[in-house]
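Observations on chain architecture
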Amino acid sequence: MTIPFLDLQAMHRELEEQIDEAWSKVSSSAGFIGGEFVERFEAQWAEYCGVPHCVGVSSGTAALELCLSALQIGPGSEVIVPANTFVATAAAVVRAGARPVFIDVDPSTLLVTATGVEDAITSRTEAVIVVHLYGQPADMDAINQVATAAGIAVIEDAAQAHGATWNGKRTGSLSLAGCFSFYPGKNLGAFGDAGAVVSHDPALIDRIRCMSNHGRPKGHPHLHEMIGSTNRLDALQAAILLAKLEKLDAWNAERRRAARQYEKVLAGHPVEIVSTAARARSSHHLMVIQAPRRDELRQELAADGIATGIHYPIPCHRQQAFRTNGIPSLPVAERAADRILSLPMFPHLTEAQIAHVGNAIERTCSRREALLGLPS
Ligand SMILES: *Cc1c(COP(=O)(O)O)cnc(C)c1O
């Protein structure tokens, strides 16, 4: 049995007709930039997230960068970011002209905490980007409280958390602005790069829309209020996203079913599942465990036909690109980077496939115990 890390084709097969129809509608309308599909997707994505406003953009990275620039967070400012995230979170800060300040995370959730944020605040801090890593929302109540007291903005990087909730509220609605990626492998994925920003603040969304469209205010194609960029959401991607949004909740429910089965089959083995807080409902973007001798385990699983990933093997503060800042010591993120392993996770993962992964992990662990004469 071979088990892929992610099976996008199975998702596509469920929606083949709707997606073909979407493509042909856009191509026959010949409206490739802006227009009806983009507007409909923006309205539906805002509604889904439980916020009044949304602007579609070209990627998750663009969403973060535009959001910071629209808030005038740039040179001279510090933005707090977790060390263990996809590099785009921190790169967006640098591209906006500000300085990322990396912080450590909670050892069991691997997420930023309110205390971590509080300890990193200086007179230059303008914002914190909270990453709902792996799909599990961070403690937004506590983080918002600390941020409000310090007068700094909170931005959510919800690129892995489409449909996840904290206290029953969807990610993206829990702060000043929620940034999403619709990269094909995310829970809601386009057929290329795409992203969005959602917010309760209409002026912020207007500013981002203007910046992403050559500095043009909405409805004024020949006015350029500022120097902007070309970071719009394509109509073709919007049409695909509209079709796939219909399935998001059902697919997230299938991911949850898979996660519950993983919890059962992994119970009693010396691997630790990255935990989710009681008030959080994960989107289960990734199924991440922490295991001793991770690389060995990964090789054993590969030999059993099981594809795995590491998200992420090098924490951002140790990446070459950020070395100019000096390298802080962030022991939790550093230790986790050597222990984390992402198991196959996608809506169409079957019970038999999960059982196969569980058996492979069990075999590897008991072989180690036998070799060492002690629990691994
Ligand atoms: C995917 C991702 C991004 C970047 O999104 P792109 O659409 O690839 O630019 C940012 N942050 C996190 C946490 C991500 O997983």
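Scope of this entry: the structure provided in the associated data block. Since the structure is predicted, the reported quantities are computational estimates derived from the model, not experimental observations.

For the rest of this paragraph, the subject is the overall build of the protein. A tally of helices and strands in the protein yields 12 helices and 13 strands. Computed over the C-alpha atoms, the radius of gyration of the protein is 21 Å, within 12% of the 21 Å expected from 2.2 N^0.38 for a compact globule of 376 residues. Projected onto its principal axes, the C-alpha coordinates of the protein cover approximately 75 × 55 × 35 Å. The buried share of the protein, taken over its 376 residues, is 53%. Intrachain contacts of the protein at a sequence separation of at least 6 include 70% that bridge at least 24 residues.

In the region of the ligand, 13 residues are neighbours, and G60, T61, D157, S181 and K186 sit closest. Here the ligand loses 93% of its free accessible area of 380 Å² to cover by the protein chains. Here the residues of the shell around the ligand are counted per class, giving 4 nonpolar, 7 polar and 2 charged.

Our focus in this paragraph is the packing of aromatic side chains. In the structure shown here, the tally under the stated rule is 8 aromatic pairs. With a centroid separation of 5.4 Å and an interplanar angle of 85°, the aromatic rings of F41 and F182 are classed as edge-to-face. Residue F41 is found in helix α3 (residues 36-49), and its partner F182 is found in the loop between β8 (177-181) and β9 (195-199); the two are separated by 141 residues along the sequence. Accessibility classification places F41 together with F182 in one group, the buried group. With 5.8 Å between their ring centres and 40° between their planes, F86 and Y312 make a pair best called tilted.

Once that is clear, we can look at the pattern of salt bridges. Scanning the entire structure with this criterion turns up 17 salt bridges. In this structure, E272 and R339 form a salt bridge, with 3.8 Å as the shortest nitrogen-oxygen distance. Remark: R339 occurs in helix α11 (residues 331-339) and E272 occurs in strand β10 (residues 272-273); sequence separation between them is 67 residues. Looking at R339, the relative accessible area reads 15%, which means it is buried. Linked through salt bridges whose partners overlap, the residues forming this network are D139, D141 and R279.

The subject of this paragraph is the nonpolar core. One finds Y262, L343 and I361 to be the most contacted residues of the largest nonpolar core, which totals 54 residues. Ranked by residue count, the leading element in this core is helix α12 (residues 351-372), at 5 residues. With sequence-adjacent residues up to four places away left out, Y262 is seen in contact with I273, M287, L343, P344, M345, L349, I354 and V357. Core analysis: the second largest hydrophobic core is formed by 34 residues, V55, L64, A96 and A153 among them.

Before going further, it helps to spend a moment on unusual backbone geometry. Y312 follows H311 through a cis peptide bond whose omega is 15°. Residue placement: Y312 occurs in the loop between α10 (294-303) and α11. Look at Y134: it is not a glycine, yet its phi comes out positive at around 70°. Relative to the assigned elements, Y134 resides in the loop between β4 (125-131) and α7 (140-150).

Since there are 3.6 residues in each turn of an α-helix, residues three or four apart along the chain are aligned in direction. Every buried residue of α11 is listed here: A333, E334, A336, A337 and R339. Those residues of α11 that are buried are in contact with β10, β12 (287-290), α10 and β13 (340-343).

Within β8, 5 of the 5 residues are buried, which leaves it mostly tucked inside the rest of the structure. Of the two faces of β8, the one holding A177, C179 and S181 and the one holding G178 and F180 are both buried throughout. Bridging between strand β5 (residues 153-157) and β8 involves 3 bridges; their strand directions are parallel. Looking at the pairing, D157 lines up with C179 of β8. Bridging between β8 and β9 involves 5 bridges; their strand directions are antiparallel. Counterpart to C179 in the pairing with β9 is V197.

Basis of the calculations
Residues numbered from 1 in each chain as written. Predicted model: local features only at pLDDT ≥ 70, side-chain atom pairs only at ≥ 80, totals over all residues. Heavy atoms only, no water. Helix = DSSP H or I, 4+ residues; strand = E, 2+ residues; numbered from the N terminus. Rg over C-alpha atoms; globule rule 2.2 N^0.38 Å. Buried < 20%, exposed > 50% of the residue type's maximum accessible area, 1.4 Å probe, protein only. Contact = heavy atoms within 4.5 Å. Near = heavy atom within 4 Å. Areas by Shrake-Rupley, 256 points an atom, 1.4 Å probe, with all protein chains shown as cover. Nonpolar A, V, L, I, M, F, W, Y, C, P; charged D, E, K, R; others polar. Phe/Tyr/Trp six-rings, centres within 6.5 Å; stacked < 30°, edge-to-face > 60°. Salt bridge = Lys/Arg side-chain N within 4 Å of Asp/Glu carboxyl O. Core = buried A, V, L, I, M, F, W, Y, C linked by side-chain atoms within 4.5 Å. Pairing = 2+ DSSP bridges.

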